[in-house]
Each structure stands twice: as structure tokens, then as C-alpha cells.
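Each chain, letter by letter, is given below.
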Amino acid sequence: MIDLGIQFAVLTFLAIFFAGSALHKLTHFSSFRLAITGYGIMPAALVPTAAAIAASAEVLVVVLALLPGYQPVAALLGASLFLGYACLMMVAILRGNAGADCGCNWGNSRQSTPLGRPLIYRNLVLALITLIAVATPDIRSLVWLDWVTALLASAAIILLYQAFNALIATLAFQQEHSS
Amino acid sequence: MTTALIISQILSWVIIVALALMVLALMRQVGVLHERIAPAGALSMNQNLKKGDTAPTLAANLLGGGKVSIGGAERNGKSQLLFFLSPDCPVCKTLLPALGSMKKAEAKWLDVILASDGAEPSHRAFIKERGLEHFDYVVSELLGRSFGVSKLPYAVLIDENGKIASLGLINSREHLESLFEAKERDVASIQDYMQSRTAS
């Protein structure tokens, strides 16, 4: 049992995060396909299908997070996506593709965050945060302060996510220069 | 009391968001600074070729159709810049705008050729994605091997007589420009130039 405000905040984060992510994937679809190709984990013929499935799953998370009664399902699907991406990154790294662009910069073409273990840890943390929303909330009504908390907490987590990606990109750039 | 707690709660969140925004801005700024303070001058690390050698001559198929001859003495007074890249190389992507403006600005004396190897469909997607249609784009493993390319992004400047003018590993716009600077100063690389200055 968790407080309704906490579940609401996590779901708001989930909806905003995957809406932004899916929007980038759909508007820069060829760039996303190129990023998946760089992972080197599937035949080129399967890449467009895999890219479409990933983008559709993200849209589904957003829709489910907004539908009353389906929020725990949205949280489970969201956490599965974070963990699924982490597994794909792990496989790509094991296959020697560490350093390929992760495709997770929401269309920021100046920044390229390379695949590496820190991104796997990042996704595990995001999956853990998301799983909080699977728990049953207590019975109370949402008040306006819950909305303020949810929106600002989501903004803070997404900004820190982008800052983390920027840090990893900088560290990779530094390593490339010192090698 | 409740009003004070509500105000305090909202204020705390506003400050947390502002701090997260500042962290993001600082991270990006650190990234920009790293790019700027990278060692100036392309690092020449080629075992096969050095400045003054005759560049390997070969004819390669362009991805957009047609052929291009690389190296050779018949250059019509123009130099060639071979830029070796890969669609999944992050640093290569950051250099594409610089190459585009360089191609335009130096068109009178320089032909810029992008070179890579691997499956053609991914290169075609890359060209479309990055708007590289106006570049001569060659996909040839032989070309990379002939020029001894082992790490990307890599560039080779071939002068108007078909000789290697300068070459090296490129990580920034400054590295790219250093190839022209090295050609102008008639040194193998900016590192050589700096060393000769220190020695004298």
C-alpha cells in the first residue's frame, strides 16, 4: 500500500517520459532505426519491425498510464521496457558494440551517448522507480498539491536523466581523447 | 500552518527543478569545454603512409552512382580530402556540419570524399538521415585498407600532385583544420610542427 500521491507522481513521470521518447522515435524514425542497427543485435531486415514495436509499446504505456484502472499495467509495461532496453544494451556491449550511439537523446543530434554499463544502471534505477506505481494506493482523493508535486517531480527526474546522458557523453568523449 | 507547509512544499520542488536544470546546463557546458580543449592537431598514427608518400591510386564506385578516382597525379590542380567515417561512430556525426561548410568554402581547391565500409543499406539510410547527398560517398573496404585506417574518424589530405599532404585521427573541427594548416606549413602534423618549434 502506497500513498496515492506517490503513485500519481510516478505515473505522471512515466506518461511524460514515454510520450517524449515515443515522439522522438516517431518523428526521427530513420535515426532511431540507425541507432538500433548500431546495437548489432539483430539482422538488418528485422530492425524496422523492432523499431516500430518499441515506439508502439511506448505509446501504449502513455495511453495505459492515462486510463483509470490500467495504471499498474502501465507501470509494469514501463518497467519491462526499461529492463528490456537494459538487456538489449547488455547484449550489444557483450557483442563488442559498446560505444555505439544509444539512441536515447530525444533528438539531440549534437550529443551522442554511447552504450555502456552506466546506461544499464540508469535503466535499472528507472525501472525501480516505475515499479513503485504497481503497488495498490490508499483510498483518498487527489488534491491540487498532488498535481504540482507530480508535474515538478517528473520535470526534475527527466532533467536529471538528460543531465546523466550528457555526463556519460562527456566521459566517453574524454576517454576517446585520452586513448 | 498548513498554508506555510504547502508554500514550503511548492517552493522546494521549484528549487529542485531549477537545480536539475542547472545540472543539465552545466553538464552540456562541460561537454562543450571538453570539445574545445581537446589537443589541437590531428594525431597521425598511420603505419602504412606518411607525409610525402604517393597516395594509393584507385577508382571507387560512388554510392550515388558513378566513379571517383582517388589519388593519382591527374588532379586538375585540386586536392582531395578523404574522410573515413561510420554511421555508428558518434564523433563522426558531430564533424559532419564542419565538413559540409568546409566543402563549400574550399570547393575551389578541394574535393571532399566521405569513405566507409560495411553494408550499403545502412549507409544509404545514414546519407538520407544526415542530408549527405551532396557529398561523394564511397563504400569500400579496400580504400580503408589501402590508406591504413585503423580508427575512426580518420582523414587523409592528398595534395594536387597525388602525394599525402597530411593525415590523422580527427576528433574535432580543429583537428580537421589542422590538416590544412599542416599542408600549408609543409609539416606532417601539427604535433611535428610544435615539436620542431620546441627543439629550435
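Source: prediction; values computed, not measured.

### Remarks on the overall build of chain A
Phase 1 of the analysis: When helices and strands are counted, chain A shows six helices and zero strands.
Phase 2 of the analysis: When the helices and strands of chain A are placed in sequence order, the string is α-α-α-α-α-α.
Phase 3 of the analysis: For 179 residues, the compact-globule formula gives about 16 Å, and the C-alpha radius of gyration of chain A, at 17 Å, lands near that figure.
Phase 4 of the analysis: Taking the principal axes of its C-alpha atoms as reference, chain A extends roughly 55 × 35 × 25 Å.
Phase 5 of the analysis: Relative to its 179 residues, chain A shows a buried fraction of 49%.
Phase 6 of the analysis: Contacts in chain A between residues far apart in sequence, at least 24 positions, make up 75% of those at least 6 positions apart.
Phase 7 of the analysis: For chain A, the accessible surface area stands at approximately 8300 Å², while carbon and sulfur atoms represent 73% of it.
Phase 8 of the analysis: With 7 positive and 6 negative side-chain charges, chain A shows a separation of 12 Å between the mean positions of the two kinds.

### With respect to the overall build of chain B
Phase 1 of the analysis: Looking only at helices and strands, chain B has six helices and seven strands in total.
Phase 2 of the analysis: In chain B, the order of α-helices and β-strands from amino to carboxyl end is α-β-β-β-α-β-α-β-α-β-β-α-α.
Phase 3 of the analysis: Classification of the 200 residues of chain B by burial places 44% in the buried group.
Phase 4 of the analysis: Of all intrachain contacts in chain B linking residues separated by at least 6 positions in sequence, the fraction that spans at least 24 positions is 65%.
Phase 5 of the analysis: Taken as a whole, chain B presents about 10500 Å² of accessible surface, with 57% of it coming from carbon and sulfur.

### Thoughts on the packing of helix α3 (residues 47-66) of chain A against helix α4 (residues 71-94) of chain A
Any two packed helices are characterised by how steeply their axes cross, that is the angle between the axes, and by the distance between the axes.
Residue and element names in this part refer to chain A.
Phase 1 of the analysis: Here α3 crosses α4 at 150°, and the two axes come no closer than 8 Å. Accordingly, the angle class assigned to the pair α3 and α4 is roughly antiparallel. α3 and α4 meet at a crossing whose hand is left-handed. Contact with α3, carried on its side by A54, A57, E58, L60, V61, L64 and A65, involves Q71, V73, A74, L77, G78, L81 and Y85 of α4 and no other residues of that element.
Phase 2 of the analysis: A class-by-class count of the residues in the contact of α3 with α4 yields 11 nonpolar, two polar and one charged.

### What about the nonpolar core?
Residues and elements named next belong to chain A.
Phase 1 of the analysis: Grouped together as the largest cluster of nonpolar side chains are 41 residues, with contacts concentrated most on F17, F18, Y39, F82, M89 and L115.
Phase 2 of the analysis: Listing elements by their share of this core, those giving two or more residues are α1 (4-27), α2 (29-39), α3, α4, α5 (117-131) and α6 (144-178).
Phase 3 of the analysis: Considering each element in turn, this core owes the most residues, 10 residues, to α4.
Phase 4 of the analysis: Residues contacting F17, with those up to four places away along its chain left out, are F82, W106, L126, I158 and Y161.

### What about the UniProt feature "transmembrane region" (unreviewed entry) in chain B?
Phase 1 of the analysis: When the UniProt feature table is mapped onto this chain, "transmembrane region" (unreviewed entry) is found at residues 6-27 of chain B.
Phase 2 of the analysis: Helix and strand shares over residues 6-27 of chain B are 100% and 0% respectively, and the end C-alpha atoms of the span are 32 Å apart.

### So, the pairing of strand β6 (residues 154-158) of chain B
Each regular strand carries side chains that alternate between the two faces of the sheet.
Residues and elements named next belong to chain B.
Phase 1 of the analysis: Within β6, five of the five residues are buried, which leaves it mostly tucked inside the rest of the structure.
Phase 2 of the analysis: Side chains of β6 alternate between two faces, with Y154, V156 and I158 and A155 and L157 buried alike.
Phase 3 of the analysis: Alignment of strand β3 (residues 79-84) against β6, held across five bridges, turns out to be antiparallel. Bridging from a neighbouring strand, L82 pairs with V156 of β6.
Phase 4 of the analysis: Looking at chain direction, β6 and strand β7 (residues 164-169) are connected through five bridges and run antiparallel. What sits directly across from V156, in β7, is L167.
Phase 5 of the analysis: Counted between consecutive antiparallel strands, the loop separating β6 from β7 contains five residues, among which G162 sits at a positive phi close to 80°.

### Thoughts on the interface of chain B and chain A
Phase 1 of the analysis: Of the residues lining the interface, 34 residues belong to chain B; the matching set on chain A comes to 32 residues.
Phase 2 of the analysis: Taken together, the connections running from chain B to chain A amount to one salt bridge.
Phase 3 of the analysis: Across the pair A:D101 and B:K93 runs a salt bridge whose closest N-O atoms are separated by 3.9 Å.
Phase 4 of the analysis: Taken together, the connections running from chain B to chain A amount to three residue pairs in polar contact (both at pLDDT 80 or more).

### A look at the state of the cysteines
Phase 1 of the analysis: With the rule as written, the count across this model stands at two disulfides over all chains.
Phase 2 of the analysis: The partner cysteine of A:C102 in its disulfide is A:C104, sulfur to sulfur 2.0 Å. Judged by the sign of its S-S torsion, about -85°, the cystine formed by A:C102 and A:C104 is left-handed.
Phase 3 of the analysis: Residue class for A:C102 comes out buried when judged on its relative accessible area of 6%.
Phase 4 of the analysis: A sulfur-sulfur separation of 2.2 Å characterises the disulfide bridge that pairs B:C89 with B:C92. On the sign convention where negative means left-handed, the S-S torsion of about 90° between B:C89 and B:C92 marks this disulfide as right-handed.

### Considering α5(A)
Residues and elements named next belong to chain A.
Phase 1 of the analysis: In a regular helix each residue adds 1.5 Å, so 15 residues correspond to 21 Å; α5 covers 21 Å between its end C-alpha atoms and thus fits that length.
Phase 2 of the analysis: Taken together, the buried positions of α5 are L119, I120, R122, N123, L126, A127 and T130. One side of α5 carries all its buried residues, which in axial view fall inside an arc of 155°. Opposite the packed face of α5, turned more than 90 degrees from it, sit the exposed residues Y121 and L128.

About the cut-offs
Residues numbered from 1 in each chain as written. Chains lettered and ligands numbered in written order. Predicted model: local features only at pLDDT ≥ 70, side-chain atom pairs only at ≥ 80, totals over all residues. Heavy atoms only, no water. Helix = DSSP H or I, 4+ residues; strand = E, 2+ residues; numbered from the N terminus. Rg over C-alpha atoms; globule rule 2.2 N^0.38 Å. Buried < 20%, exposed > 50% of the residue type's maximum accessible area, 1.4 Å probe, protein only. Contact = heavy atoms within 4.5 Å. Areas by Shrake-Rupley, 256 points an atom, 1.4 Å probe, with all protein chains shown as cover. Lys, Arg positive; Asp, Glu negative; His and termini not counted. Charge placed at Lys NZ, Arg CZ, Asp CG, Glu CD. Axes fitted to C-alpha atoms, helices over the stretch in contact; angles between N-to-C directions. Parallel < 35°, antiparallel > 145°, perpendicular 65-115°, else oblique. Left-handed = near helix turned anticlockwise from the far one by under 90°. Nonpolar A, V, L, I, M, F, W, Y, C, P; charged D, E, K, R; others polar. Core = buried A, V, L, I, M, F, W, Y, C linked by side-chain atoms within 4.5 Å. UniProt positions renumbered as here; feature names shortened; annotations may be inferred. Pairing = 2+ DSSP bridges. Salt bridge = Lys/Arg side-chain N within 4 Å of Asp/Glu carboxyl O. Polar contact = N/O pair within 3.5 Å; in protein donor to acceptor, adjacent residues only side chain to side chain. Disulfide = S-S within 2.5 Å. Expected span 1.5 Å × (residues − 1). Arc of directions from axis to C-beta.

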